[in-house]
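# Reading the structure
One letter stands for each residue in the lines below.
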Amino acid sequence: MKLIQCDNCSKFFDGICAFEAIDFSINRGEIISLIGESGSGKSTIAECISGIKNLTTGKVTKIANLKMQYIFQNPGRSFNPKWQMGKSLLEPLKLSKKLENSTQIDVYLDKLKLDKQLLTQYPHECSGGQKQRLAIIRAILCEPDLIIADEVTSGLDSENEQELLKIFKEISLSGVAILFITHNIKTIENFSDQVIVLKQGKIVEKAITKTILDAPKQDYTQKLLAASHYFTSRRKEFVRI
Ligand SMILES: Nc1ncnc2c1ncn2[C@@H]1O[C@H](COP(=O)(O)OP(=O)(O)O)[C@@H](O)[C@H]1O
Ligand SMILES: [Mg+2]
């Protein structure tokens, strides 16, 4: 079942293209990775489909009452600076009438190696990685239909990154769709269902993850894979570095 569909979407900032002619859809329980070098338009696409920014042209169609949670690349502004983190986690649960999920806060704190003490701290007393993990927990506990995760693993160590990917995979199996934006191609194997490859605001390739990783059609995708060091041991033919 399609949750959201983008048709011929474009965004220009003062005439400068951030992305153009983008078409894709996200189904319930599907994990889609959006990859591409910095400045290729990943965040702006996410912001436009979530309604944070307006499209210049095109159309985004959503199912009625689509519940979406957005986890920002920079967790610095994800929390009210005057609230303890515990309150910041509980308030959206109250609003979304999911307060019973607060019993799972401890479970997720434990999985993501966070101390319970953090819940009494204020944002300025937490590190970027701690705030990012708390933002992720908050998003999951709201039980959205779709999570948009913009480079959320970039501030995490590899143990937490692996645990997070495991958690995302689990919730996707229970029906949550995830738009997973990353420039770290190593994270998408055995994780996402489909991959969209962006270059300068345009989709250059879109396919199931295995196809993108094992048989990328476009030079640009091959270069991205090579630059990620992903294939240094597996597929020497892609390595140009
Ligand atoms: N608010 C803005 N004003 C002007 N240009 C912007 C703005 N936000 C993004 N851009 C431009 O849009 C392009 C895509 O940016 P972005 O979506 O942030 O890329 P990515 O997330 O892939 O790094 C870049 O050229 C960027 O400079
Ligand atoms: Mg970005």
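Predicted model only: the values in this text are computed from it and were never measured. (Residues numbered from 1 in each chain as written. Chains lettered and ligands numbered in written order. Predicted model: local features only at pLDDT ≥ 70, side-chain atom pairs only at ≥ 80, totals over all residues.)

### Re the site of ligand 1
Condition: Residues are counted as near a molecule or strand when the C-beta atom, derived from backbone positions, lies within 6 Å of that molecule or strand. Under the scheme used here, helices are H or I runs from DSSP no shorter than 4 residues and strands are E runs no shorter than 2 residues, and both carry numbers assigned from the N terminus.
For ligand 1, the full set of nearby residues is Phe13, Ala18, Gly36, Ser38, Gly39, Ser40, Gly41, Lys42, Ser43 and Thr44. Top contributing element to the shell around ligand 1 by residue count: helix H1 (residues 42-50), with 3 residues.

### Things to note about helix H2 (residues 85-95)
As a reminder, the rule being used: To sort residues by exposure, count the other C-beta atoms lying within 10 Å of each residue's C-beta; 20 or more gives buried, 12 or fewer gives exposed, and values between give partly exposed, all with C-beta atoms placed from the backbone. Comment: arc refers to directions from the helix axis out to C-beta atoms. We call two residues in contact if the C-beta atoms placed from their backbones are at most 7 Å apart.
Regarding H2, the residues found buried are Met85, Ser88 and Leu89. The arc that holds the buried residues of H2, viewed along the axis, is 100°, so those residues lie on one side. Along H2, exposed side chains directed more than 90 degrees from the buried face belong to Lys94 and Leu95. If you follow the buried residues of H2, they end up packed against helix H3 (105-111) and helix H4 (128-141). Lys97 sits one or two residues past H2 and shows a positive phi near 55°.

### Structural notes on the nonpolar core
Using the following cut-off: Take the buried Ala, Val, Leu, Ile, Met, Phe, Trp, Tyr and Cys residues, join any whose C-beta atoms are within 7 Å, and the set you get is a nonpolar core. All the domain ranges listed were derived from an automatic or database domain assignment.
If you look at the biggest cluster of nonpolar residues, it comprises 57 residues, and the most contacted ones within it are Ile71, Ile137, Ala149, Ile178 and Leu179. Counting only domains with at least three residues in this core, you end up with domain 1 (1-67 + 149-156 + 183-240) and domain 2 (68-143). Among residues more than four places away in sequence, those in contact with Ile178 are Ile31, Ile147, Ala149, Phe168 and Ser172.

### Comments concerning H4
Inclusion rule: What a helix is expected to span follows from its residue count: subtract one and scale by 1.5 Å.
Between its terminal C-alpha atoms H4 stretches 20 Å, which fits the 20 Å expected from 14 residues at 1.5 Å a residue. Counting buried positions along H4 gives 12 out of 14 residues, so the element sits mostly inside the fold. Against the buried residues of H4 lie strand E5 (68-71), H2, H3, strand E6 (146-150) and helix H5 (158-173). Backbone geometry just downstream of H4 places Glu143 in the positive-phi region, at approximately 50°.

### A word on the sheet that holds strand E8 (residues 194-199)
Short version of the rule: Paired strands are those between which DSSP finds at least two bridges. To obtain each axis, a line is fitted to C-alpha atoms, and for helices this fit is confined to the stretch in contact; angles are then taken between N-to-C directions over 0 to 180 degrees.
Reading across from one edge, E5-E6-E7-E3-E8-E9 is the order of the 6 strands in this open sheet, with mixed pairing throughout. Both edges of this open sheet fall to E5 and strand E9 (202-208), since each of them pairs with a single strand only. Averaged over all pairs of adjacent strands, the angle between their axes in this sheet comes to 15°, without regard to strand direction. Two strands pair when backbone bridges link them, and strand E3 (residues 31-35) and strand E7 (residues 177-182) are joined in this way by 5 bridges, in the parallel orientation. Paired with Ile35 across the bridge in E7 is Thr182.

### Observations concerning the pairing of strand E2 (residues 16-27)
Where strand E1 (residues 2-13) lies against E2, 8 bridges are found, and the strand directions are antiparallel. Residue pairing across strands places Cys6 opposite Phe24, the latter belonging to E2. Linking two consecutive strands that pair antiparallel, namely E1 and E2, is a turn of 2 residues; a positive phi of about 50° is found at Asp14 within it.

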